[in-house]
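Single-letter residue listing:
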Amino acid sequence: LPIYNFAPAEKIYAAINHWWAGNTAAGLNTVLLGYALGKSQAILNALDTSIGNIYLHGAVANVNDALRIAGYNFPGTRITTETDRKQITPSLIVAPPSALGTPWLKKLAPYKVAMCSGWMALRGARRRYATDRGFALSDHCDWNQLNDAIIATGAEHIYVTHGYETPFVRWIKEQHGLQAYEVKTLFHD
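Residues numbered from 1 in each chain as written. Predicted model: local features only at pLDDT ≥ 70, side-chain atom pairs only at ≥ 80, totals over all residues. Heavy atoms only, no water.

1. Description of the packing of helix α2 (residues 39-46) against helix α3 (residues 58-69)
One can describe the packing of α2 onto α3 by two numbers: an axis separation of 10 Å at closest approach and a directional angle of 80°. It follows from the interaxial angle that α2 and α3 lie roughly perpendicular. Mapping the contact onto sequence places S40, Q41 and L44 in α2 and V60, V63, N64 and L67 in α3. Of the residues in the contact of α2 with α3, the class split is four nonpolar, three polar and no charged. (Axes fitted to C-alpha atoms, helices over the stretch in contact; angles between N-to-C directions. Helix = DSSP H or I, 4+ residues; strand = E, 2+ residues; numbered from the N terminus. Parallel < 35°, antiparallel > 145°, perpendicular 65-115°, else oblique. Contact = heavy atoms within 4.5 Å. Nonpolar A, V, L, I, M, F, W, Y, C, P; charged D, E, K, R; others polar.)

Here it is in structure tokens:
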């Protein structure tokens, strides 16, 4: 299986906070793009809230509202149609990647935009997304984390999909003695 070497998350979050502080000092908004479920909450959880105000795209705010019911609280204020976008500068805004290039985002100028994705570990990815900065934050666990998670669940039946199904199913059966099955989808490797 391919191995990607990512910097420790703590270093990436420190770099995000440093970049945000620099943008704030320059009077610019900082826009961090990450998936509304999971990635955005990981980012919000690691932010140094002493740097400034944090605002949220509606998609991120909706996920946070749902998670709040389960006892999770993340910083940030929802941007609504009533939000005076000229008054929030300089702040940090967390939004999904789909916000890039939209009128919603353009109303938040002046800003610098960063994509937070495992894809940022690939050469040229930041340029392809046309962002000012890229932070290589992966949603995916590594080999050891994946095996540890399987054992930690206590599950007796493991269903494998989304790449390398056959060798991983064989590994689970041989190394863990568990029932494992391939699930074929339209997505490959």
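2. Considerations on a nonpolar patch on the surface
A contiguous nonpolar patch, built from Y35, W119, L122 and Y129 and spanning about 420 Å² of accessible area, is present on the exposed surface. The partly exposed category is assigned to Y129, whose relative accessible area is 32%. (Patch = residues over 30% accessible without salt bridge, like charges linked within 9 Å, V, L, I, M, F, W, Y side chains within 5 Å. Areas by Shrake-Rupley, 256 points an atom, 1.4 Å probe, with all protein chains shown as cover. Salt bridge = Lys/Arg side-chain N within 4 Å of Asp/Glu carboxyl O. Buried < 20%, exposed > 50% of the residue type's maximum accessible area, 1.4 Å probe, protein only.)

3. Re the pattern of salt bridges
Tallying each qualifying case throughout the model produces three salt bridges. The partner of R68 in a salt bridge is D65, and the shortest N-O contact between them spans 2.8 Å. Note that R68 and D65 are positioned in helix α3 at a spacing of three residues, about one turn of the helix. As a salt-bridge pair, D65 and R78 come within 2.6 Å of each other at their nearest N and O atoms. In this pair, D65 sits in helix α3 while R78 sits in strand β3 (residues 77-78), placing the two residues 13 residues apart along the sequence. The exposure class of D65 is partly exposed, given its relative accessible area of 34%. Salt bridges sharing common partners tie together D65, R68 and R78.

4. What to know about the packing of aromatic side chains
As enumerated under the stated definition, the model contains two aromatic pairs in all. Seen in terms of ring centroids, W19 and F135 are 5.8 Å apart; in terms of plane orientation they differ by 65°. Their pairing is edge-to-face. Taken together, the residues span a long stretch of sequence, with W19 in helix α1 (residues 9-25) and F135 in strand β6 (residues 133-135) at a distance of 116 residues. Judged by relative accessible area, W19 falls into the buried class, the value being 13%. We classify F135 as buried; its relative accessible area is 3%. Seen from their ring centres, Y159 and Y181 are 5.1 Å apart, and the 25° between their planes marks the pair as stacked. Of this pair, Y159 sits in strand β7 (residues 157-160) while Y181 sits in strand β8 (residues 179-182), placing them 22 residues apart in sequence. (Phe/Tyr/Trp six-rings, centres within 6.5 Å; stacked < 30°, edge-to-face > 60°.)

5. Quick look at the environment of Y72
Along the chain, the position of Y72 falls in the loop between α3 and β3. Counting along the chain gives 29 residues from Y72 to I43, while the straight-line C-alpha distance between them is 14 Å.

6. Considering the packing of helix α6 (residues 143-153) against helix α7 (residues 165-176)
It is the contact of α6 with α7, at a shortest axis distance of 12 Å, that shows an interaxial angle of 60°. By the angle between their directions, the pair α6 and α7 is classed as oblique. In terms of crossing hand, the pair formed by α6 and α7 is right-handed. Judged by residue contacts, W143, L146, N147, I150 and I151 of α6 engage F168, W171, I172 and H176 from α7. (Left-handed = near helix turned anticlockwise from the far one by under 90°.)

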